[in-house]
Amino acid sequence: MKHLIFTFTLTLIISCQNTAQNSKAQEAVINSNPVEVPLKNGKARAYFASGCFWCVEAIYESIKGVDEVISGYSGGHTKNPTYEASNTGKTGHAESVEVIYDPNIVSFSTLVDVYFGSQNVTQVNGQGNDIGSQYRSIIFYQNEEQKAIILKKKEVLAKKLNAKIAAEVYPFQKFWKAEDYHQNYERLHPNNPYVRNVSIPRLNRFKAKFPELLKENH
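Only a predicted model underlies this, so the values are computations on that prediction, with no experimental measurement involved.

Reading the values: rules and limits
Residue indices begin from 1 for each chain and proceed along its sequence in written order. In keeping with the model being predicted, local features are shown solely for residues with a pLDDT of at least 70 and side-chain atom pairs are shown and tallied solely at 80 or more, while totals for entire chains, interfaces and linings include all residues. As a rule here, side-chain values come from all non-hydrogen atoms in the structure, and water together with hydrogens is ignored. Each pair of aromatic rings taken from Phe, Tyr and Trp, with Trp reduced to its six-membered ring, is defined by centres within 6.5 Å and is described as stacked if the planes are under 30 degrees apart, edge-to-face if over 60, and tilted in the remaining cases. Secondary structure elements follow DSSP: runs of H or I of four or more residues count as helices, runs of E of two or more count as strands, with numbering from the N terminus. Under the scheme applied here, a residue whose accessible area is under 20% of the maximum for its type counts as buried, over 50% as exposed, and between as partly exposed, the area being computed with a 1.4 Å probe on protein chains only. Whenever a carboxyl oxygen of Asp or Glu lies within 4 Å of a side-chain nitrogen of Lys or Arg, that contact is scored as a salt bridge. In this description, a nonpolar core means a group of buried Ala, Val, Leu, Ile, Met, Phe, Trp, Tyr and Cys residues linked to one another through side-chain atoms lying within 4.5 Å. Two residues qualify as a contact provided that any one of their heavy atoms is within 4.5 Å of a heavy atom in the partner residue. Here, expected helix span is obtained from the residue count minus one, scaled by 1.5 Å. Bend at a given residue is defined as the angle between two axes, one fitted to the seven residues that end at that position and one fitted to the seven that begin there. Here a polar contact is taken to be a pair of N or O atoms separated by no more than 3.5 Å, where protein atoms must pair a possible hydrogen donor with a possible acceptor and residues adjacent in sequence count only if both atoms sit in side chains.

Taken as a whole and assessed by the stated rule, the structure comprises 13 aromatic pairs. Measuring from ring centre to ring centre gives 5.5 Å for W54 and Y194, while their planes differ by 80°; the resulting arrangement is edge-to-face. Linking W54 in helix α3 (residues 53-61) with Y194 in helix α8 (residues 193-209), this pair joins segments that are 140 residues apart in sequence. For the residue pair W54 and Y194, the accessibility class agrees, reading buried in each case. Three or more aromatic residues link up through ring pairs in this structure, and these residues are Y47, F140, Y170, F172 and F175.

Before going further, it helps to spend a moment on the pattern of salt bridges. Throughout the structure, instances matching the rule amount to five salt bridges. D67 is paired through a salt bridge with K43; the nearest N and O atoms lie 2.5 Å apart. Pair noted here: D67 is in strand β2 (residues 66-74) and K43 is in the loop between α2 (24-30) and β1 (44-50), with a separation of 24 residues, a long-range link. K159 serves as the salt-bridge partner of E155, at 3.4 Å between the closest nitrogen and oxygen. With E155 and K159 both in helix α6 (residues 144-161) and four residues apart, the pair spans about one turn of that helix.

Attention now moves to the nonpolar core. Counting residues in hydrophobic clusters, the biggest one holds 44 residues, and the most contacted among them are F48, Y60, V99, Y101, L111 and F116. Contributing elements (two or more residues each) for this core: β1, α3, β2, β3 (94-101), α5 (108-117), β6 (137-141), α6 and α8. Counting residues per element, this core draws most heavily on α3, which supplies seven residues. Excluding residues that lie within four positions of it along the chain, Y60 makes contacts with F48, V66, V69, V97, V99, L111, V114 and Y115. Membership of the second largest hydrophobic core comes to ten residues, among which are A49, A94, Y170 and F172.

Our focus in this paragraph is α8. Taking 1.5 Å per residue, 17 residues should reach 24 Å; α8 reaches 24 Å between its end C-alpha atoms and fits that length. The largest bend in α8 is about 30°, located at S199, with the proline P201 one to four residues further on. Residues Y194, V195, S199, R202, L203 and F206 constitute the buried set of α8. In this fold, the buried residues of α8 make contact with β1, α3, α5, β4 (126-127), β5 (130-131) and α7 (185-188).

Of note, R136 is situated in the loop between β5 and β6. Each C-alpha atom of the pair R136 and S96 lies 9.5 Å from the other, and the pair is 40 residues apart in sequence. Looking at R136, its side chain comes within polar contact range of the main-chain oxygen of G92, at 2.7 Å. Looking at R136, its side chain comes within polar contact range of the side chain of Y170, at 3.3 Å.

In structure tokens:
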């Protein structure tokens, strides 16, 4: 399902994606006021896009204080996006995750550290061979405090690496849950070739960098 796209196809797709990303509908999303998700049963929610959501879901689920991670779509201008539709690049959405966490155990600031520490922060419109705007990096903020945390960490990282950080910073609007077969994909399909060759190595690289953040038995 995830594969390297031939050059001529990639050129066509990127053309479509650029049109979608530069549309007035997409500009309205980027310039909108953020929606703040209230605590539910003491749990907060945060939203991130960082390449294939199979990979990102597994990374965040390994973190102490995180109860659950849901794969889905966010950042676009269309309603009820599907996997097939988002893959065209025309919806503006990126594969994203909803991280449900206990703010008394893990902070939003730490979740942002996890975000930057678990990806190639300079790759634009993709991670590895997953290429396209549906795989672009986005951090969603729900209020000005979160926005300030994100922008400060992004600035510090850019100076440290002397490089431009690819992650976009969007006001959170809505999260659309992905199809059931995408949920817990890495855990349920450990022998899938993509999971073995991409997801698990990415998770293991993250674990090696942040052992102090991991749940027991992870």
